[in-house]
There are 2 protein chains.
Amino acid sequence: MELTGPGGRRASLMRALREAIRSGRLAPGTRLPPYRTLSADLGIARNTVAEAYAELVAEGWLTARQGSGTRVAPRAAPARRGPASPVPSPPPARPAYNLLQGQPDASSFPRSSWLTSARRALTAAPTEAFGPGDPHGRPELREALAEYLARARGVRTDPASIVISSGFAHSLRLLVRVLRGPMAVEAYGLAFHRGILAAARMRTVPLAVDAEGARTGELAASGARSVLLTPAHQFPTGGPLGPERRAAVVDWARTTGGTVLEDDYDGEFRYDRQPVGALQGLDPERVVHLGSVSKSLSPAVRLGWMVLPGPLVAEVVAAKGEREATASALDQLTLADLITSGAYDRHVRRMRQRYRRRRDLLVAALAERAPHIDVSGVAAGLHAVLELPPGTEDAAVRAALARGLVLDGLAGYRHPDSTMPVQDGLVVGYGTPPEHAFSGALEALCRILPPAGGRRPDGP
Amino acid sequence: MELTGPGGRRASLMRALREAIRSGRLAPGTRLPPYRTLSADLGIARNTVAEAYAELVAEGWLTARQGSGTRVAPRAAPARRGPASPVPSPPPARPAYNLLQGQPDASSFPRSSWLTSARRALTAAPTEAFGPGDPHGRPELREALAEYLARARGVRTDPASIVISSGFAHSLRLLVRVLRGPMAVEAYGLAFHRGILAAARMRTVPLAVDAEGARTGELAASGARSVLLTPAHQFPTGGPLGPERRAAVVDWARTTGGTVLEDDYDGEFRYDRQPVGALQGLDPERVVHLGSVSKSLSPAVRLGWMVLPGPLVAEVVAAKGEREATASALDQLTLADLITSGAYDRHVRRMRQRYRRRRDLLVAALAERAPHIDVSGVAAGLHAVLELPPGTEDAAVRAALARGLVLDGLAGYRHPDSTMPVQDGLVVGYGTPPEHAFSGALEALCRILPPAGGRRPDGP
């Protein structure tokens, strides 16, 4: 394997692996060598191999499963290419039921409200709105967000401290350029985010999580200079960050000068009581509050925001560049109008009711069909975790796939260096399916759960 | 200066320089040390310093002028920050006249047509359009572009070979991850693009340009594995790539297996004859054709496209990631409808007439007021170059600024390693000003031009 070309050894290794996968030399499911083996074979640092694997996981070429190593992803089917005409890879077989987390019901996008706001916003916009764009983002949107976030999430800020992005991933890529590492991340979290941090050479240290969220008391001993948390609803295990944990992380940040990143990915969706206020409200000078419309509205819109401590604003804006390079000014103007007109609130309220109903259906179905399975994280959000007996997770995910049901096990969310006891579980995203498909998805789910004491579940 | 933190020495140096500028320790206009000096002082590679400077130029913190070194940009005024509340930097004083290149007239954005298309497109869109998004980009847009580009630019492709991006910079950042270097770039070109290449560790070699565009016959000796060109209208000096030069670059690519990037930034705006067909039409398997709506519609929309040789499609899509992460699906759907409905063609035609009229006014004004000044590049595009006597460029740009007129000299466009003779000149963007301000801008321009033989121009 020749490691040449721009970007250094990591980029070269990634290029070589992508090519090997594309050409079929590495078939889907093939297990890749462990870091140390490839590192020794190629004479490159273990860290370089680990970073390359992590980025390729983030890009979807590989999957990483605890105890199962890093493998070529099932969907990375190589394309057969003739010399002249490109034949695209066949799309992956469409599953019958999709309970993957992270996506709101696409059929619920409020097209009519969006178009009404677009007409109003674009008609009223000043000429300069159609020019190169300010990397802070449209002032109309920053003003609307400052007011909305204060009201809906208890965020304390002003429009000048908000910077618009094209979503959480973009926000994280910007922040990682201005923050000091290492960064503590929750021991269970999105591999895609770890991939972003790895690609930016930000070393991460895992922070254990439990029913009260991340164990923030362990930050002081971790050596971390920054921490990425999901305080409203630990992703994916589900616990809201308990009050003592919130106080502890703010104390840590004040004592060490560290920065806290609050990923408020589904903060508007709390079902059983008033939403937990944003952690940022405890200390706006030490906490960056991150949000987007990807869960509340649609991932198609590509808009996010960072509420920043004052001193970080100029650095993040500088990292963005001289002009707005990714976030559509037209979408920004439209979203601002959607918020100020109240239509966004109405949509979120409607979706909260819809997802609460689905949560109720999920909990009821499990209570009836699989009462031995504990469910966590159901008080909020668009997903829940079903705890499984040790060693049953892989089989459950495969059984689901065989029935046309896609969903994730917990394994892929686990930080590779975590020392927490392994927890087997299924991550059930109940936001994703359209209304008509939800009960079918629940049925398929119930059928593949391991039975209590060994018998397969029978059901009506 | 302490170089620590994530991202290596280059990122650390950049962080330290930004901080020094923000805090005022490096005042606007201050000349930075030459590469070799800082390199020796800090014990880091000269290349690292050069890359850091180039990126900070791209980000707008520094300016680079031939013969004048790298200086702190005038607009990088530090903010005075109190401990608790952020006070944003005061905006730069708004110039009376803006003849900076690169921006279409923002007042000409077709709001009504855009809204009509948005309503039609979003009403008709399938549910999945509001889901996570395919990194190839919306099929509706790729189909519309394949047909439009064939008709308007002579591009030979199919929808499967087009990948949507959030603009040229995004396209370039993706391509630089999959192409081999070094990359030849035109000796005069956008510093911002060189910054993108530098940030990606892509070594660039300058390719001389003249009235026939880039001297592509010199590619073979350059050692380059890829080349970035502006064949329709050399940016900024203005010559279209001559027929023998086009044949030469395609021969080079076929012989060496190199890849040609065709930046077709203003290909629809040709005034005196039929547009020159895209270079891509000569060899779709060796040329990547890049375009965007930034000049033809607005930089606020953030949409671009890459027409790729077959084997590159999967690599670029993989570099983009598992899902569409930056380009608004809503804008994609709307643009597709704008194109298929004919409204985009009508808009471009209208703008072509408007910019031709401005071109005519510019040429006439100069012919009358400064007949000794040669103008190049006026057959196409949204800018022209006024050639100045040696050594007069800096004074002309300063004199313009003193009269409230912003425009660029040629110096900032020059590749730092170019060995071409230095050409003094002004880059006049006649697309930028709104209609009512254009004649005032022309007047200010004429007043600051160096006179023939030393006398200041007097005029009506």
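Here the residue index of a chain counts from 1 through its sequence in written order. A letter from A marks each chain and a number from 1 marks each ligand, given out in the order of writing. Given that this is a predicted model, residues contribute local features only at a pLDDT of at least 70 and side-chain atom pairs are listed and counted only at 80 or more, while totals for whole chains, interfaces and linings are drawn from all residues. Side-chain measures here rest on the full set of heavy atoms in the structure, leaving out hydrogens and waters.

Asks: How do you make sense of the pattern of salt bridges when you look at a structure like this?
Replies: Where charged atoms from two side chains of opposite charge approach closely, those side chains can pair. Here, a salt bridge means any side-chain nitrogen of Lys or Arg that lies within 4 Å of a carboxyl oxygen of Asp or Glu. According to the stated counting rule, one finds 38 salt bridges over all chains in the structure shown. Here Arg151 of chain A ties to Glu147 of chain A by a salt bridge, and the two come within 3.3 Å at their closest N and O atoms. Taken together, the positions of Arg151 of chain A and Glu147 of chain A, both in helix H5 (residues 139–153) and four residues apart, correspond to about one turn of that helix. Using a 1.4 Å probe on the protein chains alone, a residue whose accessible area is under 20% of its type maximum counts as buried, one over 50% counts as exposed, and one in between counts as partly exposed. Taking relative accessible area as the criterion, Arg151 of chain A reaches 44% and is therefore assigned partly exposed. Under the relative-accessibility criterion, Glu147 of chain A is labelled partly exposed at 45%. As a salt-bridge pair, Glu443 of chain B and Arg447 of chain B come within 3.0 Å of each other at their nearest N and O atoms. Every helix listed is a DSSP run of H or I at least four residues long, and every strand listed is a run of E at least two residues long, numbered separately from the N terminus.

Asks: What is the right way to read helix H11 (residues 329–340) of chain A from this model?
Replies: Every α-helix carries 3.6 residues per turn, so stepping three or four residues along brings you back to the same face. All names here are of chain A. With twelve residues, H11 should reach 16 Å at 1.5 Å per residue; the first-to-last C-alpha distance of 17 Å fits that figure. Buried residues dominate H11, accounting for eleven of its twelve residues. Turning to H11, its buried residues number three or more, namely Ala329, Leu330, Asp331, Gln332, Leu333, Thr334, Leu335, Ala336, Asp337, Leu338 and Ile339. If you check the start of H11, you find a side-chain oxygen 3.2 Å away from the backbone N of Leu330, and it comes from Ser328. One or two residues past the end of H11 sits Gly342, with phi positive at roughly 90°. An expected span of 1.5 Å times one less than the residue number is assigned to each helix. Pairs of N or O atoms within 3.5 Å make up the polar contacts considered here, provided that, within protein, one atom can donate a hydrogen while the other can accept it, and that residues adjacent in sequence are counted only when both atoms are side-chain atoms.

Asks: In this structure, what is going on with the sheet that holds strand S13 (residues 375–376) of chain A? I would like to understand it.
Replies: Strand pairing in a sheet is mediated by backbone hydrogen bonds. Such pairs are either parallel or antiparallel. Residues and elements named next belong to chain A. Two strands are counted as paired when DSSP detects at least two bridges linking them. Sheet architecture is open: four strands sit in the order S13-S14-S17-S16, paired in antiparallel fashion. Here the strands that pair on one side only, and so sit at the sheet edges, are S13 and strand S16 (408–409). Note that S13 and strand S14 (residues 383–387) share two bridges and pair antiparallel. Counterpart to Val375 in the pairing with S14 is Leu386.

Asks: Got a minute to help me understand the confidence of the model for chain A in this structure?
Replies: In low-pLDDT segments, the atomic positions of the prediction should not be examined closely. All names here are of chain A. Averaged over every residue, the pLDDT of chain A is 88; the share at 70 or more is 89%. Per-residue confidence from the prediction method is given by pLDDT, with values spanning 0 to 100. Whether two residues are in contact is decided by their heavy atoms: any pair within 4.5 Å suffices. A low-confidence stretch, residues 75–91 (pLDDT under 50), is modelled with 28 contacts involving residues beyond four sequence positions or located in other chains. For the stretch residues 455–460, pLDDT sits under 50, and the model shows eleven contacts to residues farther than four places along the chain or on other chains. Reported confidence for the predicted complex is 0.81 by ipTM and 0.82 by pTM.

Asks: Sorry, what's going on with the relation of the copies chain A and chain B here?
Replies: Here two copies of a chain appear, and what relates them is a rotation about an axis with a shift along it. For the pair chain A and chain B, the superposition axis carries a translation of 0.0 Å, the fit reaches an RMSD of 0.1 Å, and the rotation angle comes to 180°. What the superposition gives is, in effect, a two-fold axis relating one chain to the other. Nearest to the rotation axis, the C-alpha of Thr326 of chain A is located 2.9 Å from it, this being the minimum over chain A. When the interface residues of chain A are mapped onto chain B, 100% of them again fall at the interface, so both copies present the same face. When the copies are overlaid, the least-squares fit takes in C-alpha atoms only where the residue has pLDDT of at least 70 in both copies.

Asks: Can you walk me through the interface of chain A and chain B in this structure?
Replies: Accessible area lost when the parts come together is the quantity often used to give the size of an interface. Residue-level contacts link 71 residues of chain A with 73 residues of chain B. The term buried area refers to how much accessible surface (probe radius 1.4 Å) is lost by two components on association, counted for both of them together. Summed over both partners, the interface of chain A with chain B comes to about 5,700 Å²; 55% of that surface belongs to carbon and sulfur atoms. For the pair chain A and chain B, the number of links is zero salt bridges. Applying the counting criterion to the chain A and chain B interface returns 14 residue pairs in polar contact (both at pLDDT 80 or more). The set of elements that each furnish at least two residues to the side of chain A that touches chain B consists of helix H1 (8–22), helix H3 (46–59), helix H4 (111–124), helix H6 (168–178), helix H10 (310–320) and H11 of chain A. With nine residues, H4 of chain A is the single largest residue contributor to the side of chain A that touches chain B.

Asks: Honestly, the sheet that holds strand S16 (residues 408–409) of chain B in this entry has me stumped. Any pointers?
Replies: Residues and elements named next belong to chain B. One open sheet holds the four strands; their spatial order is S13-S14-S17-S16, and the pairing between them is antiparallel. Of all the strands in the sheet, the pair left with one neighbour each is strand S13 (375–376) and S16. With five bridges joining them, strand S14 (residues 383–387) and strand S17 (residues 425–429) adopt antiparallel strand pairing. In the strand pairing of S17, Leu386 is matched with Leu426.

Asks: Help me understand unusual backbone geometry in this model?
Replies: The phi torsion of most residues other than glycine is negative, and most of the peptide bonds are trans. With an omega dihedral of 5°, the bond running from Phe235 of chain A to Pro236 of chain A counts as a cis peptide bond. With respect to the helices, strands and loops of the structure, Pro236 of chain A is situated in the loop between strand S9 (226–229) and helix H9 (243–256). With phi around 60°, Arg201 of chain A is a residue other than glycine that occupies positive phi space. Relative to the helices and strands, Arg201 of chain A is located in the loop between helix H7 (191–199) and strand S6 (204–207). Non-glycine residue Arg302 of chain B carries a positive phi angle of around 60°. With respect to the helices and strands, the residue Arg302 of chain B is situated in the loop between strand S11 (287–292) and strand S12 (304–307). Taking relative accessible area as the criterion, Arg302 of chain B reaches 11% and is therefore assigned buried.

Asks: Would you mind going over the packing of H11 of chain A against helix H12 (residues 343–369) of chain A with me for this structure?
Replies: Two quantities define a packed helix pair, namely the angle between the helix axes and the distance between the axes. Residue and element names in this part refer to chain A. Where H11 meets H12, the closest approach of the two axes is 4 Å, and the angle between their N-to-C directions is 75°. Between H11 and H12, the angle falls in the class roughly perpendicular. Mapping the contact onto sequence places Leu335, Leu338 and Ile339 in H11 and Ala343, Tyr344 and Asp345 in H12. Polarity classes work like this: nonpolar for Ala, Val, Leu, Ile, Met, Phe, Trp, Tyr, Cys and Pro, charged for Asp, Glu, Lys and Arg, and polar for all others, with Gly in that last group. Its residues assigned to classes, the contact of H11 with H12 shows five nonpolar, no polar and one charged. Axes here refer to lines fitted to C-alpha atoms; in helices the fit is confined to the stretch in contact. Angles between the N-to-C directions go from 0 to 180 degrees. Each angle gets one of four labels, with under 35 degrees taken as roughly parallel, over 145 as roughly antiparallel, 65 to 115 as roughly perpendicular, and the rest as oblique.

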